[in-house]
Protein chains: 2
Amino acid sequence: MSRARPTIYDVAKEAGVSKSLVSLVLRNSPSVSARSTKAVNDAINKLGYQPNRAASDLAAKHRNLIAVLIDDYSNPWFIDMLQALSEVLTPQGYRLSVIDSLTAGSDTDPITHALTMRPDGIIIAQDIAEKSLPDNMPPFVVAGTRFTPVDTASSSSKRAVSNDDFLGAKIATEHLISLGHTDIAHINVHSGAGQKRLASYVSTMRDNGLQPILNETPGPATERFGYDTAMELLEENPGITAIFASNDITAIGVLGAARTRGLHVPRELSVVGYDNTPLAQSRLIDLTTIDDNSIGVGRNAALLLLNKLDANNTFADVDHTLVPQLIIRGTSAKPRSD
Amino acid sequence: MSRARPTIYDVAKEAGVSKSLVSLVLRNSPSVSARSTKAVNDAINKLGYQPNRAASDLAAKHRNLIAVLIDDYSNPWFIDMLQALSEVLTPQGYRLSVIDSLTAGSDTDPITHALTMRPDGIIIAQDIAEKSLPDNMPPFVVAGTRFTPVDTASSSSKRAVSNDDFLGAKIATEHLISLGHTDIAHINVHSGAGQKRLASYVSTMRDNGLQPILNETPGPATERFGYDTAMELLEENPGITAIFASNDITAIGVLGAARTRGLHVPRELSVVGYDNTPLAQSRLIDLTTIDDNSIGVGRNAALLLLNKLDANNTFADVDHTLVPQLIIRGTSAKPRSD
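Residues numbered from 1 in each chain as written. Chains lettered and ligands numbered in written order. Predicted model: local features only at pLDDT ≥ 70, side-chain atom pairs only at ≥ 80, totals over all residues. Heavy atoms only, no water.

An unreviewed UniProt entry lists chain A under the name LacI family transcriptional regulator, with Corynebacterium ammoniagenes as the source organism.

Take a look at the structure:
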């Protein structure tokens, strides 16, 4: 690499001190000994060092970094939310870095991982396994309906932004009922949102005098789990004419199962997802789904975090619960009359 | 939040110094004045502070963080690579954080953003716009075929791990030719890999006496661009019986265009992608594609980075160019004879 301009590392080496110490001198810290301060300033003058953008970021107290925790990159639900977070936070000088539970490292939990990056704030858009959050948490907001210790905190309502998953699942189930379906199965997944959608599906079916049909053990929100579970449910219950999947990625698995079994969608099987992901919007998949307003969730979570980051609280307060909306596309229709 | 255990922030506040200074004292830096050292130690004793995992990470010189730069979360090509990076790096005590070009923040470039997190190393899996890399880059490796300043560096060959995109695109094009297709279109995208695949497609067509058919202006690697471009190409060239898309996500757009135009895949239109993403593997999409061994690219990029991070260079050297493989699925077949 070119070494044209001297770096903060060069200054530290020349002065025989650590980079952190150079940073302290650059911010005129009174806590550095006169001898070390002189050594650093001599090195700066000798090398003609000028702090560049990266170096001053390194030296600055705040690096304006927001860590975003998500579950799984292969589930695209988070893409719109992340874009909305960025649209609100980057104009304020913040940048985002994303951590998922698979790549955070098995030796540690995602929160601890995030803390090692010294973020100014954290967006928790993941189901957290830990019983409690560390006591050195920076300002944080929970985005989406999650299993997380914050649920037990008194401040939980003020920390969480999500869509109304109970209402959304009710709308999805009632959509299929209104089309004339009675044998409507649900595929539920192991997540905070998944369990709320499950409870809503069950109560909506019962309120309409219908028998819930579902997988007994919730699984991961993956295409694979959606496929395998749909294959089992359709094998055990050939009368099923509609499946409401807990989210879009599992619904794509359901559509694959329909293809494998030679069931025409929507003529022989209606499929409804949840999230309105870019994939659901694609012309190929064209999935009927619930728009959980992940753009609004991202925007409001970002504004809420800005409030917590800003002592003066100059950002308007936000809605903490957003209204989901049914998006009817090509995968849902009346059941065959024959 | 509970304040049961005192944090490094509490110590800094109690001692009336910065957290960086407490970190220096925790690592027994000789450069801190006696007065400040005493103030910090008094605060530590008074509060009964014990560095916890996060705090010692904060204080440690190395936080064992690897930044991974990708283009776009909505293009799932990177998922297997990221998983492979994690499988190699996390057992070594490293953790990963991902930055994409959309969310890094418009005010800055992804490299500068990554540097603000003070990573121990960087995996560049993104086309970098900057003319040159900062002079304070930590050890880094380029994963995949990229537009990046490193290409001009003498060390480039030793820094890059990718599949052979030229060979992969040749295999994809020859697969369609061998099935009997002659009117084979290509959708090319603006990326380092995209331009190599384009060049290979064109030369393979010409070597077989066939006329290349393609979009004049390369676009983004998105489902939307794949859809729009396929609609245009099929409109202008009704004779097209096969389309080789630059990657899987644009191929999904092509499959959507076929659906819109009522073309049966593969009977009336064969479609081949590139990347062998989880979506290509799904039963629903079942896409013929090129496996660019992104697991191998991730694994070798991680090993190469470990070599650069380890002064003793104890990790085996790796292959820098991996061999792609044709995966034949349900979207490619002989053209209709009629």
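Some points on the environment of Ile-99 of chain A
Residue and element names in this part refer to chain A. Residue placement: Ile-99 occurs in strand β2 (residues 95-100). Assessed through its relative accessible area of 0%, Ile-99 is described here as buried. Remark: the alpha-carbon pair of Ile-99 and Tyr-73, spanning 26 residues in sequence, is separated by 9.2 Å. (Helix = DSSP H or I, 4+ residues; strand = E, 2+ residues; numbered from the N terminus. Buried < 20%, exposed > 50% of the residue type's maximum accessible area, 1.4 Å probe, protein only.)

Examining the sheet that holds strand β7 (residues 213-214) of chain A
All names here are of chain A. One open sheet holds the 4 strands; their spatial order is β7-β6-β8-β9, and the pairing between them is parallel. The open sheet has two edge strands with one neighbour each: β7 and β9 (270-272). Bridge count between strand β6 (residues 184-187) and strand β8 (residues 242-245): 4 bridges; the pairing is parallel. Across the sheet, residue Ala-185 finds its bridge partner in β8, namely Ile-243. Its contacts with the sheet place helix α10 (residues 223-236) against β6, β7 and β8, and it is angled at close to 145 degrees to β6. (Pairing = 2+ DSSP bridges. Contact = heavy atoms within 4.5 Å. Axes fitted to C-alpha atoms, helices over the stretch in contact; angles between N-to-C directions.)

Quick word on the pairing of β2 of chain A
Residues and elements named next belong to chain A. By the criterion of burial, β2 is predominantly enclosed, with 6 of the 6 residues buried. Where strand β1 (residues 65-70) and β2 come together, 6 bridges link them in parallel fashion. The residue bridging Leu-65 from the neighbouring strand is Arg-95, located in β2. Crossover handedness for the path β1 to helix α5 (residues 78-89) to β2: right-handed. (Right-handed = clockwise from strand over helix to strand, strands pointing away.)

A closer look at the packing of helix α1 (residues 8-15) of chain B against helix α2 (residues 19-26) of chain B
Residue and element names in this part refer to chain B. Where α1 contacts α2, the axes come no closer than 9 Å and their chain directions differ by 105 degrees. With respect to α2, the axis of α1 lies roughly perpendicular. Seen from α1, the contacting residues are Ile-8, Tyr-9, Val-11 and Ala-12; seen from α2, they are Lys-19, Val-22, Ser-23 and Leu-26. Grouping the amino acids of the contact of α1 with α2 by side-chain chemistry returns 6 nonpolar, 1 polar and 1 charged. (Parallel < 35°, antiparallel > 145°, perpendicular 65-115°, else oblique. Nonpolar A, V, L, I, M, F, W, Y, C, P; charged D, E, K, R; others polar.)

Section: the nonpolar core
Ranked by internal contacts, the top residues of the largest apolar core, which has 84 residues, are Ile-243 of chain A together with Ile-243 and Leu-269 of chain B. Contact partners of Ile-243 of chain A, with chain neighbours within four places excluded, come to Leu-176, Ala-185, Ile-187, Ala-230, Leu-234, Val-254, Leu-269, Ser-270, Val-271 and Val-272 of chain A. In this structure, Ile-66, Ile-123 and Leu-306 of chain A together with Ile-79 of chain B belong to the second largest nonpolar core, which totals 56 residues. (Core = buried A, V, L, I, M, F, W, Y, C linked by side-chain atoms within 4.5 Å.)

Focus: helix α3 (residues 34-47) of chain B
All names here are of chain B. Taking 1.5 Å of rise per residue, the 14 residues of α3 would be expected to cover 20 Å, and the 20 Å separating its terminal C-alpha atoms lies within 8% of that figure. Every buried residue belonging to α3 is among Ser-36, Val-40, Ala-43 and Ile-44, and all of these are buried. Taken down its axis, α3 places every buried residue within 100 degrees of arc, on the same side. For α3, exposure combined with an orientation more than 90 degrees from the buried face picks out Ala-34, Arg-35, Lys-38, Asn-45 and Lys-46. Those residues of α3 that are buried are in contact with α1 and α2. (Expected span 1.5 Å × (residues − 1). Arc of directions from axis to C-beta.)

Structural notes on the side chain of Asn-215 of chain B
Residue and element names in this part refer to chain B. In this fold, Asn-215 is placed in the loop between β7 (213-214) and α10 (223-236). Taking the relative accessible area as the measure of exposure, Asn-215 reaches 8% and is therefore buried. Polar side-chain contacts of Asn-215 include one of 2.9 Å to the side chain of Asn-188. A distance of 3.1 Å separates the side chain of Asn-215 from the backbone oxygen of Thr-217, its partner in a polar contact. (Polar contact = N/O pair within 3.5 Å; in protein donor to acceptor, adjacent residues only side chain to side chain.)

Observations concerning α2 of chain B
Of all 8 residues in α2 of chain B, 7 are buried; the element is thus mostly enclosed. Of the residues making up α2 of chain B, those classed as buried are Lys-19, Ser-20, Leu-21, Val-22, Ser-23, Leu-24 and Val-25 of chain B.

Section: unusual backbone geometry
Each neighbour pair has its own omega, and for Val-265 of chain A with Pro-266 of chain A the value is 10 degrees, a cis peptide bond. Phi is positive for Arg-118 of chain B, close to 50 degrees, though the residue is something other than glycine. Examined against the element boundaries, Arg-118 of chain B turns out to sit in the loop between α6 (110-116) and β3 (121-125). At Asp-286 of chain B, a position not held by glycine, the phi torsion is positive, near 45 degrees.

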